[in-house]
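Each chain is listed here by its residues.
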Amino acid sequence: MSESKTLANSKPAALRWRLWVDGCGGFLILPGERWTIGGAGPAGTSDVRIHSDLARIAGTLSRREDSYFWEFADAARPAELVLSGHPLSMTGSASLIFRHPSPLSRSAVLTLMPPHRFAGHVDEVILADETLLMGATADCHIKVAHLGSEKVVITRRGDRWLGKVVGDPELSELTVGQRMELGDVVMTLEEA
């Protein structure tokens, strides 16, 4: 499929996506520069919702150029620089680990430590810029252990997601709601 092919049902870009990767898990993909994080109660309105004792909005994570900052809901505390591999400084029992795996992409990953879970039955949350990398190595946003040395890159262009195995010349469009194979990765992209 050519990169220039457009979606048959063109509509405005979704604000939230879910990516299901066979043998790997489910991922909430959130484009943007700022995301609120909070509890998943019935009145929860945050972008990232966690089943825990967090307030409806515990704070905001923001991306400024190549850095991420945690801004507490309590404005009296200054914003903190968030380092890859470290938890966010949230009040409550949930431990949310921030990971910025590749200096080649501004996208980052949030992983929640058990026993807490994200709302929406996803395993991790990806704070997407333009590019996501899938593979078995530590520099990948989505870790797919069975890939070995193969890597898959996914990129967003407006309201479209495209992907390819690294080294292949042409990008293929990920059609919303349809299973797709890129090399040894089988996945389905949905609007969340």
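Quantities reported herein were computed from a predicted structural model and do not represent experimental measurements.

Draft legend 1. How the structure looks around the sheet that holds strand β18 (residues 185-191). Judged by pairing direction, the sheet is mixed, and its 7 strands sit side by side in the order β8-β9-β11-β2-β1-β18-β17 without closing on themselves. The open sheet is flanked by β8 (96-99) and β17 (179-182), the only strands paired with a single partner. The average angle at which neighbouring strand axes cross in this sheet is 25°, direction not considered. Two strands pair when backbone bridges link them, and strand β1 (residues 17-21) and strand β2 (residues 25-31) are joined in this way by 5 bridges, in the antiparallel orientation. Looking across to β2, one finds that V21 is bridged to G25.

Draft legend 2. Looking closely at the sheet that holds strand β5 (residues 59-64). With mixed pairing, 6 strands are arranged side by side in an open sheet as β7-β6-β5-β3-β4-β10. The open sheet terminates on both sides in strands that have one partner only, identified here as β7 (80-82) and β10 (117-118). Bridge count for strand β3 (residues 34-39) against β5 is 4 bridges, and the pairing is antiparallel. Across the sheet, the residue bridging to T36 is T60, located in β5.

Draft legend 3. Inspection of the packing of aromatic side chains at higher detail. Counted by the stated rule, this structure contains 4 aromatic pairs. For the pair W17 and W161, a centre-to-centre distance of 6.2 Å together with 80° between the ring planes defines the contact as edge-to-face. Pair noted here: W17 is in strand β1 and W161 is in strand β15 (residues 160-165), with a separation of 144 residues, a long-range link. Residue W17 shares its accessibility class with W161, and that shared class is buried. Where W35 meets Y68, the ring centres are 6.3 Å apart and the plane angle is 20°; that geometry is what we call stacked. Of this pair, W35 sits in strand β3 while Y68 sits in strand β6 (residues 67-72), and the two are 33 residues apart along the sequence. In terms of burial, W35 and Y68 fall into one category: buried. Three or more aromatic residues link up through ring pairs in this structure, and these residues are W35, Y68 and F98. Across from the ring centre of F69, 4.3 Å away, lies the NZ or CZ of R64, which sits over that ring. Across the ring face of F72, the terminal group of R77 is positioned such that the distance to the ring centre comes to 3.7 Å.

Draft legend 4. Structural view of the environment of T188. In this fold, T188 is placed in strand β18. Under the relative-accessibility criterion, T188 is labelled buried at 13%. Taking the C-alpha atoms as reference points, T188 and D22, separated by 166 residues in sequence, lie 8.5 Å from one another. Apart from the residues within four sequence positions on either side, T188 is in contact with R18, L19, W20, G177, Q178 and R179.

Cut-offs applied
Residues numbered from 1 in each chain as written. Predicted model: local features only at pLDDT ≥ 70, side-chain atom pairs only at ≥ 80, totals over all residues. Heavy atoms only, no water. Pairing = 2+ DSSP bridges. Helix = DSSP H or I, 4+ residues; strand = E, 2+ residues; numbered from the N terminus. Axes fitted to C-alpha atoms, helices over the stretch in contact; angles between N-to-C directions. Phe/Tyr/Trp six-rings, centres within 6.5 Å; stacked < 30°, edge-to-face > 60°. Buried < 20%, exposed > 50% of the residue type's maximum accessible area, 1.4 Å probe, protein only. Lys NZ or Arg CZ within 6 Å of the ring centre and 35° of its normal. Contact = heavy atoms within 4.5 Å.

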